[in-house]
Amino acid sequence: HVVDGADEIEVAIADNKKEFTARVVGADPPTDVAVLKIDAKDLPAITLGDSDQMEVGDVVLAIGNPFRVGQTVTMGIVSALGRSGISGFNQYQNFIQTDAAINPGNSGGALVDAEGRLVGINTAIIPNENGGNQGIGFAVPINMARRVMELLIAGGKVTRGGLPILLQDITPRLAKSLDLPDQKGALVSDVFPNSSAEKAGIKSGDVIIGFNG
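Let us look at the structure shown here. Computed from a predicted structure; not experimentally measured.

1. Brief notes about the overall build of the protein chain
Item 1. Along the protein chain, the regular secondary structure elements total three helices and 12 strands.
Item 2. Dimensions of the protein chain along its principal axes, counting C-alpha atoms only, are 60 × 35 × 35 Å.
Item 3. Counting only residues that meet the buried cut, the protein chain has 32% of its 213 residues in that class.
Item 4. A separation of at least 24 residues holds for 47% of the contacts in the protein chain among residues at least 6 apart in sequence.
Item 5. A total accessible area of about 13600 Å² is found for the protein chain, and carbon and sulfur atoms account for 50% of it.
Item 6. Looking at charge distribution, the protein chain has the averaged site of its 17 positive side-chain charges lying 4 Å from that of its 25 negative ones.

2. With respect to the packing of aromatic side chains
Two numbers describe a pair of aromatic rings. These are the distance of the centres and the angle of the planes.
Item 1. What the rule picks out here adds up to three aromatic pairs.
Item 2. A centroid spacing of 6.4 Å and a plane angle of 85° characterise the contact between Phe89 and Phe95, whose relative ring orientation is edge-to-face.
Item 3. Judged by relative accessible area, which is 30%, Phe89 ranks as partly exposed.
Item 4. On the basis of an interplanar angle of 35° and a centroid distance of 5.3 Å, the ring pair of Phe95 and Phe138 is categorised as tilted. Taken together, the positions of Phe95 in strand β6 (residues 95-98) and Phe138 in strand β9 (residues 137-141) put the pair 43 residues apart, joining distant regions of the chain.
Item 5. What links up through ring pairs into an aromatic cluster is the set Phe89, Phe95 and Phe138.

3. Here's the deal with the sheet that holds strand β2 (residues 18-28)
Item 1. The antiparallel open sheet is built from three strands, whose spatial order is β1-β2-β3. Here the strands that pair on one side only, and so sit at the sheet edges, are β1 (9-13) and β3 (33-37). When strand polarity is set aside, the average angle formed by the axes of neighbouring strands in this sheet is 50°.
Item 2. Pairing geometry for β1 and β2, over five bridges, is antiparallel. Directly across from Glu10, in β2, lies its bridge partner Thr21.
Item 3. The strands touched by helix α1 (residues 142-155) within the sheet are β2 and β3, with β3 carrying the most contacts at an inclination of about 50°.

4. Focus: the environment of Ile121
Item 1. Within the fold, Ile121 resides in strand β8 (residues 118-125).
Item 2. Put simply, Ile121 and Val11 are 110 residues apart on the chain and 16 Å apart in space, counted from C-alpha to C-alpha.
Item 3. Contact partners of Ile121, with chain neighbours within four places excluded, come to Gly108, Gly109, Phe138, Ala139, Val140 and Ala145.

5. So, a negative patch on the surface
Item 1. Residues Asp7, Glu8, Glu10 and Glu19 make up a contiguous surface patch of negative charge.
Item 2. Looking at where Glu8 falls in the secondary structure, it is placed in the segment before β1.
Item 3. For Glu8, a relative accessible area of 57% translates into the label exposed.

6. A few points about the environment of Asp58
Item 1. Within the fold, Asp58 resides in the loop between β3 and β4 (59-64).
Item 2. A relative accessible area of 29% means that Asp58 is categorised as partly exposed.
Item 3. Distance from Asp58 to Ile86, taken between C-alpha atoms, is 22 Å for residues 28 residues apart in sequence.
Item 4. Setting aside its immediate chain neighbours within four residues, Asp58 contacts Gly76, Ile77 and Val78.
Item 5. At a separation of 2.9 Å, a polar atom in the side chain of Asp58 contacts the main-chain amide nitrogen of Glu55.

Calculation rules
Residues numbered from 1 in each chain as written. Predicted model: local features only at pLDDT ≥ 70, side-chain atom pairs only at ≥ 80, totals over all residues. Heavy atoms only, no water. Helix = DSSP H or I, 4+ residues; strand = E, 2+ residues; numbered from the N terminus. Buried < 20%, exposed > 50% of the residue type's maximum accessible area, 1.4 Å probe, protein only. Contact = heavy atoms within 4.5 Å. Areas by Shrake-Rupley, 256 points an atom, 1.4 Å probe, with all protein chains shown as cover. Lys, Arg positive; Asp, Glu negative; His and termini not counted. Charge placed at Lys NZ, Arg CZ, Asp CG, Glu CD. Phe/Tyr/Trp six-rings, centres within 6.5 Å; stacked < 30°, edge-to-face > 60°. Pairing = 2+ DSSP bridges. Axes fitted to C-alpha atoms, helices over the stretch in contact; angles between N-to-C directions. Patch = residues over 30% accessible without salt bridge, like charges linked within 9 Å, V, L, I, M, F, W, Y side chains within 5 Å. Salt bridge = Lys/Arg side-chain N within 4 Å of Asp/Glu carboxyl O. Polar contact = N/O pair within 3.5 Å; in protein donor to acceptor, adjacent residues only side chain to side chain.

Geometry only, nothing functional implied.
What follows is the structure, encoded as structure tokens:
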């Protein structure tokens, strides 16, 4: 959303005070990730971390330009992992939630771990009445962003397969009524008629507890 609809994009490099005109290599609105290219050499590059290895309670730092006051670093912890189902945000959600202060202007900035490795890209907040931070901010995990980045660089777009079914979480009540040992998995509530899912034998009422083997 930072570059969406822009006629011209400039990237400022804080260390050497230079600005570069950027070109959008590709954008993926469902994950809110875009790849930009600038004509520059010998720039330092951040080390990418592994967001799958993160745990709740890990210390993280959010970097950005909140309210255009200038480059700012805030510190907090990982409040939650795998946040999804949040209305008004990205279609594909697997957010890292953090209480590190994220405000308007932080979007696109780095979320780094205590060793300075990039673990997420700041993208959204649940704001207070003034539009500011109240300790609930979200970042796209770097493992998701990395995969999107690779696809955008390779072909300029992201192509996804789909499974034409509707799923719902398994609540304690559903687990009991279905005689399930726990709440793991997802309940198939509907299967689109004449679809690949129906041809594969998936039926309404199935409980999916694994995939790809």
